[in-house]
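Survey of secondary and tertiary structure
Given next are the chains, with one letter for each unit.
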Amino acid sequence: MVKVRLVTAGVERLPAGTAEQLRTFCDFEAKRCETPEALLATFPDAEVLWMFGPNLCLKPEALEKMPNVKALFRSGSGLDALPCAWAKAHGIGVYNTPESIAESVAEHAVALLISYIRQIPQYNARAKAGYEWGKVEGMDWHISHRTLGLVGYGNIARRVEKMMSGFDVKCLHYDPFVPDSLPLEEVLAKSDYVSVHCPLTPDTKGLINAERLALMKRNAILVNTSRGPVVDEEALADALDAGILGGAAIDVMVDEPPAVNSRLLQHPKCVVTPHVAAFSCDFEKNFFAYSVEKIRQICG
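Residues numbered from 1 in each chain as written. Predicted model: local features only at pLDDT ≥ 70, side-chain atom pairs only at ≥ 80, totals over all residues. Heavy atoms only, no water.

1. Observations concerning empty space enclosed by the protein
Threshold: Throughout, the protein atoms alone are placed on a 1 Å grid, and a set of points is a cavity if a 1.4 Å probe fits but cannot get out or a pocket if it is open with protein on both sides within 12 Å along at least five of seven lines; lining residues have an atom within 4 Å of a point. Grid points are joined across faces, edges and corners, and a volume is the space filled by probe spheres set on the points. By the criteria applied, helices consist of DSSP H or I runs no shorter than four residues and strands consist of E runs no shorter than two, each listed in order from the N terminus. Nonpolar residues are Ala, Val, Leu, Ile, Met, Phe, Trp, Tyr, Cys and Pro. Charged residues are Asp, Glu, Lys and Arg, and all others, Gly as well, are polar.
For the coordinates displayed, the defined rule picks out one cavity of 30 Å³ or more. If you add up the space inside the largest cavity, you get close to 40 Å³. Lining the largest cavity, in full, are Leu222, Asn224, Gly228, Val231, Glu233, Leu236, Ile250, Val252, Met253 and Leu264. Of all the elements in the fold, those that place two or more residues in the lining of the largest cavity are strand S9 (221–224) and helix H10 (233–242). The class makeup of the residues in the lining of the largest cavity is seven nonpolar, two polar and one charged.

See the structure below:
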């Protein structure tokens, strides 16, 4: 059977019965490896390497000394943590399970957008601070009959579009891999709200920069639940300061956790959540169910 090795944690981290299920179709072992050296010492003959969370050990300097490896698998969305270019050059498959968290991330993106439009975090803070009851400030937006631009048009973005359809929101999308997409500049210029859902790649790093932020409507709101480096944080903070944008709501940042004096973390026009979009009470069930099925497919 194919030798599958989980390098993020021991078997005790998995839901009950998961290891037993895996062992019905593969040779499965699990142990946390915190360095490339630990990986080499622990699983030198691995064929499929499985991880989730931060990549501590799946580095080229270790992988090049593991001749049996044929696949790298990261549970969840995003492959930026893995050495994809190296793997491609060496004929090693790279896999993930974005569908396992797509619904939760879409819900969070929609929640961030609606909560900012309706100023829910701001009014919650004011009410608890003894703010004058019934006094209205900052209600500068409306949800229905507006235009939402989606940057990236994969599983998550399509769910966002479906969820927002009940508000009679018009959705535009930019995705270089989708034939009917609009140019990014057109999506940004025409949208009242923009939600970012593209993966982090060399091509998308800094995709939302000062030049592109300047194209957006002056009261637009930017939501980011993809990866922090897709958005130029200093440019975003500058745009908020200058009134180029009306606000931002983000779940991801370049540095996580960010410095306490981070401009976006402290900015009154930016709502921040700590990279929790994927999590819900169904997270554990979906995360590992999809992982087991993906490993089954990899093992053939």
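2. Points about the sheet that holds strand S4 (residues 71–74)
Hydrogen bonding along the main chain pairs the strands of a sheet, whether they run parallel or antiparallel. Condition: When DSSP locates at least two bridges between a pair of strands, those strands are taken to pair. Axis definition: a line fit to C-alpha positions, over the contact stretch in the case of helices; interaxial angles, taken between N-to-C directions, run 0 to 180 degrees. Any two residues having at least one pair of non-hydrogen atoms within 4.5 Å are treated as being in contact.
On the basis of which strands lie adjacent, the open sheet formed by five strands has the order S2-S1-S3-S4-S5 and parallel pairing. Of all strands in the sheet, those bounded by a partner on one side alone are strand S2 (27–30) and strand S5 (93–96). On average, each strand axis in the sheet is tilted by 20° relative to the strand beside it, whichever way the strands run. Here four bridges tie strand S3 (residues 48–51) to S4, and the two strands are oriented parallel to one another. Bridged to Trp50 within S4 is Phe73. Its contacts with the sheet place helix H12 (residues 283–299) against strand S1 (3–6), S3, S4 and S5, and it is angled at close to 170° to S4.

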